[in-house]
Amino acid sequence: MLKLMRRPYLLAATLMLSSSLLFAQPQASQPAGIFQGSTDIGTAHQGSTVYDPATDAYRLTGSGADLWGTADQFHFAWVRLTGDVTLTADVRFPNPSKQPLRKAVLMVRQSLAPGSPYADIAIHGDGHITLQYRKLPNGITADTTSPQHNSTRLRIERQGNQYTVYAGEPGHLLAMAPITIHLNDTVYVGIGVCPHNANGFEQAIFSHVKIERHAATQK
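Anyway, here's the lowdown on the structure attached to this text. (Residues numbered from 1 in each chain as written. Predicted model: local features only at pLDDT ≥ 70, side-chain atom pairs only at ≥ 80, totals over all residues. Heavy atoms only, no water.)

Let's shift gears to the nonpolar core. Of all hydrophobic cores here, the largest spans 36 residues; its most connected members are Leu 106, Ile 191 and Phe 206. Core analysis: the second largest hydrophobic core is formed by 12 residues, Ile 41, Trp 78, Val 105 and Met 107 among them. (Core = buried A, V, L, I, M, F, W, Y, C linked by side-chain atoms within 4.5 Å. Buried < 20%, exposed > 50% of the residue type's maximum accessible area, 1.4 Å probe, protein only.)

Take a look at the structure:
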């Protein structure tokens, strides 16, 4: 009799555990434009990536407390690539906000795990631009601030283990000093948005998005 009474509770516990594991795993959407998929990393709130072929632009909507610290929360559109690569885009926030730390990023990331190592170039809501990076899994995030401010065009370049970011206007991009991060050859290259609000949403528009592949180098 006791065994029969316990079974509903065991079943409920199993279902609760299965549900929590489901929400903990990144959920990828369908391909959009040049990207193979998009994922809500570290958050259960569903974002989206919408590609408009008429304007060749991507509108990303995402939630998340921050893209910082030892784990990230943001929406990410990505393609898996190997070797050296350059990602360039014009980036803007279409809606006004009082949040100075909302972010739109161009990123090279090892995995879709919240604590994955990565390098990115991030433009914030107040216009300041940074090179952000996490060198170790679940390690701390560090950054360097660019002298550029409110730039329309961003770029990140991977050459072997070196990552260089650029910001400026078309034809006048200013490079920041490269950093060294040891990632496995296959990486996720893409664009992302974070509202700096765990329960809120932010949009960013990425246009003239271009991925260039290069012969592999070792540095």
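There's plenty left to go through after this.
With that settled, consider the sheet that holds strand β11 (residues 142-149). The 7 strands lie next to each other as β1-β6-β16-β8-β9-β10-β11, forming an open sheet whose pairing is antiparallel. For this open sheet the edge positions go to β1 (37-41) and β11, each flanked by a neighbour on one side alone. The average angle at which neighbouring strand axes cross in this sheet is 20°, direction not considered. Pairing geometry for strand β9 (residues 118-124) and strand β10 (residues 128-134), over 6 bridges, is antiparallel. When the bridges of β10 are listed, Tyr 118 appears paired with Arg 134. (Pairing = 2+ DSSP bridges. Helix = DSSP H or I, 4+ residues; strand = E, 2+ residues; numbered from the N terminus. Axes fitted to C-alpha atoms, helices over the stretch in contact; angles between N-to-C directions.)

Looking now at the environment of Ile 129. Among the structural elements, Ile 129 can be located in strand β10. Its relative accessible area of 0% is what places Ile 129 among the buried residues. Beyond its immediate sequence surroundings of up to four residues, Ile 129 is in contact with Ile 121, Ala 122, Ile 123, Thr 144, Thr 145, Ser 146, Gln 148, Asn 150, Ser 151, Leu 154 and Ala 167. (Contact = heavy atoms within 4.5 Å.)

Turning to the pairing of strand β17 (residues 197-214), a few remarks are in order. Across 8 bridges, strand β3 (residues 57-64) lies against β17 in antiparallel orientation. Across the sheet, residue Gly 64 finds its bridge partner in β17, namely Asn 197. Sheet topology note: the strand β7 (residues 84-92)/β17 ladder contains 8 bridges and is antiparallel. Bridge pairing in β17 links Thr 88 to Lys 210.

Keep in mind these numbers describe shape, not what the thing actually does.
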